[in-house]
Every structure is written in structure tokens, then in C-alpha cells.
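Okay, here's what each chain looks like letter by letter:
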Amino acid sequence: MSVDAGLKSAALSHDERDGAASSDSSIDVKNEVFDTSQIDPVLARKMALINEAIEEIGMTPFQWKLFFLNGFGYMVDSLLIICHSIAQPAVAQEYGSPTKKIAGIALASQVGLLIGAALWGFSADIIGRRLAFNTSLFICAIFVLIAAGMPNYISFATMVTIYSAAAGGNYILDATNLIEFLPAAWSWLVTFMAVWWAVGYTITGLLAWAFMSNYSCAPDATVAQCTRQNNLGWRYLHVTCGLLVLALALLRLLVIKMVQTPRWLVSQNRDEEVLSNLYEVASKYNRSFSLTLEHLQSQGRISNTEKSVWSGLRLRKHFSGLFVTRKLAWSTTVIIANWFVIGMVTPLYSVFLPYYLKSRGADVGDDSNYTVWRNYAINQVSGLLGPIIAAVLVETRFVGRRGALAIGAAITMALQFGYTQVKTPAENVGVSAAITAASNIYYGTIYAYTPEILPSAHRATGYAICVVLNRVGGISGVLVGSYANVETTAPLFICAGLFGLLIILSLLLPFESRQKRAQ
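Keep in mind that this is a model prediction, so the values were computed, not measured.

Thoughts on the side chain of Ser 216
Part 1 of the argument: Looking at the element boundaries, Ser 216 is found in the loop between α10 (194-211) and α11 (233-255).
Part 2 of the argument: Among the polar contacts listed, one links the side chain of Ser 216 to the backbone oxygen of Met 212, at a separation of 2.6 Å.
Part 3 of the argument: With near-sequence residues (within four places) excluded, Ser 216 lies in contact with Phe 211, Asn 230, Asn 231 and Asn 369.

Here it is in C-alpha cells:
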């Protein structure tokens, strides 16, 4: 049976439509993360009907494909962040750095990530989620491969900016794509999807161990002594990562036919497409599906969607929709603050960790390339534990999403204070690996929690604001780290203090989304 035929056969009779319209007050909006009926009652009712239809269809192979294919976007994001941060010392050693203080490559990446978050994120509520899913990884792959052949510091930093921009808003839409197709009982998968982020770190860490330890200049080599021929490791790393990203981009196109998400479509009054897409999934996997076009349309039309998608009214609505009630405004403000603070922490710890590990290795008697990059790989492998722990915590009673955020931040803070006291090689590796695992509890949770507490019609815009401010924090972190001595414990004390602030910010969040349906 075709999709159109199926929809027609599921249509209500005239009497049944009247009955549906008269019973609209029975539509359950109490199981949502927050009640938007006072904001837009039509959208609230339609969203509740879509959520019920998704619950009726249940978990299918389609959502599992999305888990893997959207997870690739998470993996690419972390893979490329670490790829250039690993390359940064080697590139500076070979070409010299244009500035003595500012880490130019890390700064270039943060600027690119900011631009990407703004472009992909702010446009996604207007044009939908599908374009970024289909194109972003291809753009990343092309410029990562080009970066491997750059002849100087400035040209390499430029390529880093471009491929970072391509990846910059990717995980905004990866999380959004997945959550807008998931039944509520499976929403923990968005938290667990952060395991792909850790996989990206792990792959890059292992590649760095292979390439950087064998094909890099000696640690004490000068610019004159460090030539292209004896410093090919960062180039091999970029070529390998670029080819991997290209393969992942092809899989996205070949494995699944990506459609616009149902929650976004319904917010645009594109009811026919919503029903067609959902019915197609239900029909393909032999699932029940009782929602009809007549019932959905009988709830009314959502205002302002008749305007041009690029109209000032539509654009303002996506921003103002994040602050329309006092509680929602507080939630949006606090989650943005969380993202800004974690943006400062990430470059201070992750981007400058290779320098710090090298200095700690020297303190305990071994600063060889092999040991430095072996320890780095161990750090990234240990990070796989974080999202697994987070996925358990977010579904645990009395913990939930906010508790998992606070727990992850608290453990990380304690371990970072402890890391400043390490004296032996075993302590060096063990504590740094534990920090990576603990911080990924926080990262994994906030990546999933953020889209859950944003209204679907404005979800990508809200997430984009969070990530843009995150990148502003990242730029601030790069500048702080550039003027601090990254081979001392100073950045770690700053990071630990910022994680202490994140504990407070996590507990101030007003919405708990555990066992609730995302709007």
C-alpha cells in the first residue's frame, strides 16, 4: 500500500472528526518536559499528538540508523578538535609561531567553530535539519585533506578555521535530529550518543600514538632542525582523519534517506509531510499508526508560518520563543551559562593537555614522544566510560539529568585538584585518564539535556546560541591559556574552579527531563 493510500485509509469520517475536535481537551500535554500551551496552544496540542504517534510507532531500525549516523557527527566534532590540537605543537615546531603568546591554531579552530555554530544552528529552524546532515561531513573531509598539504602556519590555521566551521554546528543538529524521532523511553540514547564523541577522541589519540611518536621531530629540535621530511606525523594524521570523515559522509548518504524531522515539520504547519513521513516508517516496519491528517489539522494553524521563512518576524520569533515565560527564560539563561563556562574549560584542558602531559612526563623522568602520545591515547580510551556512566545516571531516580551534570562536574573538579599533586608516571596516567572519563559524564549529559529542554520550534536556534556562547568561552579559554604557563598547574586550578561553578549552574536548572517527552 502506498503512503498516500495509507493516509487516506486512516482518515476519519465526518462524525469522527467532530468527535476528535470535541475531545481535544483530552490531549495529554502533562507528560512533556514543559507545558507550552500558554505560549502557543495549537502547537502544544499538535506536538502532543506527534509525540503520541512516535510513541505508538516505537523504536525501529530507522532510529537505530540515526543513532549511528548522527553519532558520526559527534565523532567528527571531537576527532577534528583533537586532530588540530595534536598537530599544533608539531606545526609550530616546524614553521615557528607568528605570535609568541597566542596559540593561533587553537584560536583559529574556536573562531571556525563559532561561525559554524551560528550558520548551521540559526538556519536550521528556518530550513530544517536535513541539509546539514547530508553536507557537513563532506565539507569537513575536503578541507581536512587540504590542511595536510599546507606549507606554512598561517595557511594551515586557515584550513583549520574552515573545517572547524563545517563541523561547528554539526552536533547541534545531530542531537536535534535524533531526539525529534525518539520515543520518550529511549531519550537516554541522546546522552549515550556522546560515546561517539569519546570514540572520536579515542581514534585520534591512537592515531597520534602511531604517527606522532614515530614521525615527529625530536622534542628539543629547533625550527631550523625540524623539516618536513622528519615531521610528517601531523600530515599523516590529517590525511587519515580526512579519509575517515569522507567515508562517514558517504555512509550518511547511502545508508538512510534522511527526511525533515516531524517535530520541526509540524511547527511549520507542514502537516501532510509529517503524516507521510511517520506513516512511511510505521508501514516499513509494520508498526501501528492511528494519527490522521484530519485530526492533526483540526487543532488549527500555527501563527506566523505564512510569512517568508527569512522574514524579520519569523527570525525574531525563533529568538523570543526561548524566553516567553519566566521559567523558560530562566532555563535558557542558565543552560547558556553552563555552555559558556564549559567552553572556557575545554581548550584549557583538552587543547593544552599535550603540553601539560609533556611537562609532567619530564617531571617523572620520561618526556619522549612515544610516552607522551601513549599516555594521550590512554586518556582518550578511558573517556569511553564517561558517556556509559552518564546514560545510567540520567535514568536513575533522584539523579536524572541535572544530578548527572552536577556529579560529573564534582568528580572532575576533585580529580583536577588532585592532578596538580601527581609525582609518579602511574599517577600521571591514572589521574589524567580518570579526569577524561569523569568530564565526559558532564559532556555527555549536557549534549543530550540541552535539546530536551528547548521548545522544538526554536530548538536549533536555542542550541546554536548555547554553542556560539560556548565558542566565545572557548576563545576566552585559548587567550587565558596562551598567556598562562601551560606547562604549570595554573590551567588545571582554573579548570577545577570552573567545574566547581558548573556544579552550581547544573543544580540551578529548573527543568528535569527524565521520563518526560521533549517538546
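Some remarks on the packing of aromatic side chains
Part 1 of the argument: Evaluated as defined, the whole model comprises 22 aromatic pairs.
Part 2 of the argument: Taking 6.2 Å as the distance between ring centres and 55° as the angle between the ring planes, the aromatic pair formed by Trp 188 and Phe 192 counts as tilted. Taken as a pair, Trp 188 and Phe 192 lie in helix α9 (residues 188-192) at a separation of four residues, close to a single helical turn.
Part 3 of the argument: Residue Trp 188 is classed as partly exposed on the basis of its relative accessible area of 25%.
Part 4 of the argument: When the centroid spacing of 5.6 Å and the interplanar angle of 25° are considered together, the rings of Trp 339 and Tyr 447 count as stacked. Here Trp 339 is found in helix α16 (residues 326-351), whereas its partner Tyr 447 is found in helix α21 (residues 425-452), with 108 residues between them in sequence. Each member of the pair, Trp 339 as well as Tyr 447, is classed as buried.

Quick notes on the pattern of salt bridges
Part 1 of the argument: Under the criterion given, the structure shown has nine salt bridges.
Part 2 of the argument: Across the pair Arg 402 and Glu 512 runs a salt bridge whose closest N-O atoms are separated by 3.5 Å. With Arg 402 in helix α20 (residues 400-419) and Glu 512 in the segment after α23 (490-507), this residue pair connects regions lying 110 residues apart in the sequence.
Part 3 of the argument: Arg 402 gets classed as partly exposed once you look at its relative accessible area, which sits at 24%.
Part 4 of the argument: Through salt bridges with shared partners, a single ionic network connects Glu 395, Arg 401 and Glu 452.

Quick notes on the confidence of the model for the chain
Part 1 of the argument: On average, residues of the chain carry a pLDDT of 81, and 83% of them reach 70 or more.
Part 2 of the argument: Ranking the helices and strands of the chain by mean pLDDT puts α11 first, with 92, and helix α2 (residues 14-22) last, with 39.
Part 3 of the argument: pLDDT under 50 marks residues 8-23. Its contacts with residues more than four places away, or in other chains, come to 12 contacts.

Considerations on the state of the cysteines
Part 1 of the argument: Counted according to the given criterion, the structure contains one disulfide.
Part 2 of the argument: Residue pairing for Cys 217: its cysteine sulfur links by disulfide to Cys 226, the two sulfurs lying 2.0 Å apart. One quick way to see it: the torsion about the S-S bond of Cys 217 and Cys 226 is about 85°, and its sign makes the bridge right-handed.
Part 3 of the argument: With a relative accessible area of 3%, Cys 226 lands in the buried category.

Digging into the nonpolar core
Part 1 of the argument: Grouped together as the largest cluster of nonpolar side chains are 137 residues, with contacts concentrated most on Tyr 74, Phe 156, Phe 289, Ile 335, Trp 339, Tyr 447 and Tyr 463.
Part 2 of the argument: Element by element, the count of residues in this core is highest for helix α4 (residues 61-95), at 17 residues.
Part 3 of the argument: What Phe 289 contacts, discounting residues up to four positions off in sequence, is Ala 53, Glu 56, Ile 57, Leu 275, Leu 278, Tyr 279 and Ala 282.
Part 4 of the argument: Ala 390, Leu 393, Val 394 and Ile 441 belong to the second-largest nonpolar core, a separate cluster that totals five residues.

Describing helix α6 (residues 130-147)
Part 1 of the argument: For α6, with 18 residues, the first-to-last C-alpha span of 27 Å sits near the 26 Å given by 1.5 Å per residue.
Part 2 of the argument: A maximum bend of about 30° is found in α6 at Ser 136.
Part 3 of the argument: Every buried residue of α6 is accounted for by Ala 132, Phe 133, Ser 136, Leu 137, Cys 140, Ala 141, Val 144 and Ala 147.

Definitions and cut-offs
- Residues numbered from 1 in each chain as written.
- Predicted model: local features only at pLDDT ≥ 70, side-chain atom pairs only at ≥ 80, totals over all residues.
- Heavy atoms only, no water.
- Helix = DSSP H or I, 4+ residues; strand = E, 2+ residues; numbered from the N terminus.
- Polar contact = N/O pair within 3.5 Å; in protein donor to acceptor, adjacent residues only side chain to side chain.
- Contact = heavy atoms within 4.5 Å.
- Phe/Tyr/Trp six-rings, centres within 6.5 Å; stacked < 30°, edge-to-face > 60°.
- Buried < 20%, exposed > 50% of the residue type's maximum accessible area, 1.4 Å probe, protein only.
- Salt bridge = Lys/Arg side-chain N within 4 Å of Asp/Glu carboxyl O.
- pLDDT = per-residue confidence, 0-100.
- Disulfide = S-S within 2.5 Å.
- Core = buried A, V, L, I, M, F, W, Y, C linked by side-chain atoms within 4.5 Å.
- Expected span 1.5 Å × (residues − 1).
- Bend = angle between axes of the 7 residues up to and from the residue.

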